[in-house]
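Working through the structure, step by step
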Amino acid sequence: MKHNKHSLSRRTFVKGVVASGAMLYGINLNASTDTVKKRKKTEELSGTVFHLTIDKTLVNVTGEPSYATAVNAMLQGPTLKWREGDTVTLHVTNNLQESSSIHWHGIILPYQMDGVPGISYEGIAPGETFTYTFTVNQSGTFWYHSHSAFQEQTGVYGAIVIEPKEKDPYEYDRDYVVLLSDYSDEKPATIYRKLKLFPDYYNFNRRTVGDFFSEVKTKGFLEAFKARQMWNKMRMSDRDLSDVTAYTYTFLMNGQNPATRFRALFQNGDKVRLRFINAAAMTFFDVRIPGLKMKVVAADGNNIQPVDVDEFRIGVAETYDVIVEPEDDKAYAIFAQSIARKGYALGNLSTDADILAEVPQMDPPQALTMLDMGMRKDMAQMKSMDMSKGDSMSSLKKPIPLTKLPIRWGVGTTMRAMNPQYRLDDPGVGLRNNGRKVLTYADLRSLRSTKEDRYPDREIVLHLTGNMERYMWSINGIPYHEAAPLEFHYGERLRITYINDTMMNHPMHLHGLWSDLETGDENHLVRKHTIISQPGSKISFRVTVDAKGAWAYHCHLLYHMTDMFRKVVVA
Ligand SMILES: [Cu+2]
């Protein structure tokens, strides 16, 4: 087995280099001529009654034909424009041969309308239509996607833009959705099977993490760490940033690949609002527009106090709204490089759609540090960053009673963060000390005051756990199918702390209830629906449990989700 794995890694390496080379120069990506079928361009739908269909559709996204599951024959699906205060009705028809669903990500609604098969409802059977109806009590940038099987990977997603009842606090002249996704011609079930058999299939940098940690188990950490040899060995696996990479993915911006390029227009003097949505199955993106400062004005649909940045990381399922003021009569690249630095999504912002911006160079991949493995900061050799600041940011006024939850350490939990730190001001691996102003969670302060918000009644701690060598994921060491539901009490204010015992970022999404992230300012906790838990770190947020029913709660990486998942029951 060991031998097979290595030779496979070698083959992957060769193919990977070819693939990323092609990606860089756009050799095999010139899919502007769809020989298979002209898939419909993404349209906007507005009003209060919507008709959506999910169909198996032959498309050409990458230069090769493949089957997508498309909404209204569009890839990406139509952008839904709602108005705060309206009651919307959405008739969703499933024309696939298998069960389907649509979940309205980040929308606060009755649980029966949340669209998670097995939790909210039974799903939509082949040939059936399900009608969702609910009142829209929020505004901002959100999105929708299938919650069935791996359909999100194959195209069942689109943007939701909700116009606020009251005047928007920020002015802008133009408004664009910028939805990022990762498309593969491989069937998602094939990708998942490969990951289960060979977790490093798409990531030839991954090597001996598990080896190191089993060494820690037998020898103790210090012994293992002191062994220079071991450290060297570990360095070989320190670029383990993404499970699935551009080896199979083509990264899309509003359904366009880097060769065809999404194009946004402006006129001199315009303020342009860009609504970034990460609708990828597995890919974190680092976004910048060389030559422009971005004013971040909303996170996960909620207004924040504006922050000027050069770059931000957007985790799977997160959204960020930015306003830019392009001044020159020139073209800018909207550049979203994947966290693994093996490919990128690309858009163009210009006064003339035919003027294309120069494509920026991808940054070199950075190595994971001891910090990312949950070790102490002095071992992490991160002297340029003041981690103690990040930690005090989340210090509490008074202790909160802790509710102990079942936890299981064993074969499913090969890694353990020994000294996890709050790292709110850590831009994360790949973005540290890159000379640019990078957004961090510590920069996020809600526009609304949270001064009067209740202090938490109790706390739970959730360990995000895994065995990367066997591609096993879990919460508290227990995979979903073996776990009892989490019980939240209606009316309570809950504090949740994640300890990430793995070396990957997990974008955690709690359905139906807002997550108020502790970023250091008690008076302006930022309201999110998806919270990135960085490798080896700790992070806390608060939840007002104000919606009864059954809710899904999970990592939003599609191939982690099956197991790193909980049902939440609010009663
Ligand atoms: Cu995950």
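Everything numeric here is computed off the predicted structure, so don't read it as measured data.

1. So, unusual backbone geometry
That bond from Leu 75 to Gln 76 is cis: its omega, 10°, falls within 30 degrees of zero. Relative to the helices and strands, Gln 76 is located in the loop between strand 3 (65-71) and strand 4 (79-83). Phi at Ala 73 is positive, roughly 65°, even though this residue is not glycine. The topology assignment puts Ala 73 in the loop between strand 3 and strand 4.

2. Let's talk about the sheet that holds strand 1 (residues 44-46)
If you walk across this open sheet you meet the 5 strands as 1-4-9-8-6, and the pairing is mixed. The outermost strands of the open sheet, each flanked by one partner alone, are strand 1 and strand 6 (103-105). Direction aside, neighbouring strands of the sheet carry axes that sit 25° apart on average. Inspection of the sheet shows strand 8 (residues 140-145) paired to strand 9 (residues 157-163) by 6 bridges, in the antiparallel sense. By the bridge assignment, Thr 141 is partnered in strand 9 with Val 161.

3. As for the nonpolar core
In terms of nonpolar packing, the biggest core is built from 136 residues, with Trp 82, Trp 104, Phe 134, Phe 488 and Tyr 559 touching the most fellow members. The element contributing the most residues to this core is strand 10 (residues 174-184), with 6 residues. With residues up to four places along the chain from it excluded, the contact list for Tyr 559 reads Phe 150, Gln 153, Pro 188, Ile 191, Tyr 192, Leu 195, Val 244, Tyr 249, Met 282, Tyr 471 and Trp 473. The next biggest cluster of nonpolar side chains, apart from the first, holds 7 residues, and it includes Ala 333, Tyr 344, Ala 357 and Met 362.

4. Examining the side chain of Ser 338
Looking at where Ser 338 falls in the secondary structure, it is placed in strand 19 (residues 332-338). Since its relative accessible area comes to 3%, Ser 338 is described here as buried. Ignoring anything within four residues of it in the chain, the contact list for Ser 338 reads Phe 251, Thr 283, Phe 284, Phe 285, Gly 343 and Tyr 344.

5. Considerations on the coordination of the copper ion
Tetrahedral metal sites with four donors have an ideal angle of 109.5 degrees; octahedral sites with six donors have ideal angles of 90 or 180 degrees. Bound to the copper ion are the protein donor atoms His 506 (ND1), Cys 555 (SG) and His 560 (ND1), situated 2.0 to 2.2 Å from the metal. Binding-site remark: the copper ion is held by donors from one chain whose sequence spacing is H-x48-C-x4-H. Note that His 506 is positioned in strand 26 (residues 506-510) and Cys 555 in strand 31 (residues 549-555), a separation of 49 residues in sequence. Summarising the burial analysis for this pair, His 506 and Cys 555 share the class buried.

Cut-off values and rules
Residues numbered from 1 in each chain as written. Predicted model: local features only at pLDDT ≥ 70, side-chain atom pairs only at ≥ 80, totals over all residues. Heavy atoms only, no water. Helix = DSSP H or I, 4+ residues; strand = E, 2+ residues; numbered from the N terminus. Pairing = 2+ DSSP bridges. Axes fitted to C-alpha atoms, helices over the stretch in contact; angles between N-to-C directions. Core = buried A, V, L, I, M, F, W, Y, C linked by side-chain atoms within 4.5 Å. Buried < 20%, exposed > 50% of the residue type's maximum accessible area, 1.4 Å probe, protein only. Contact = heavy atoms within 4.5 Å. Donors = N, O, S within 2.8 Å, 3.2 Å for Na, K, Ca; no water.

By themselves, these observations are geometric and do not establish any function.
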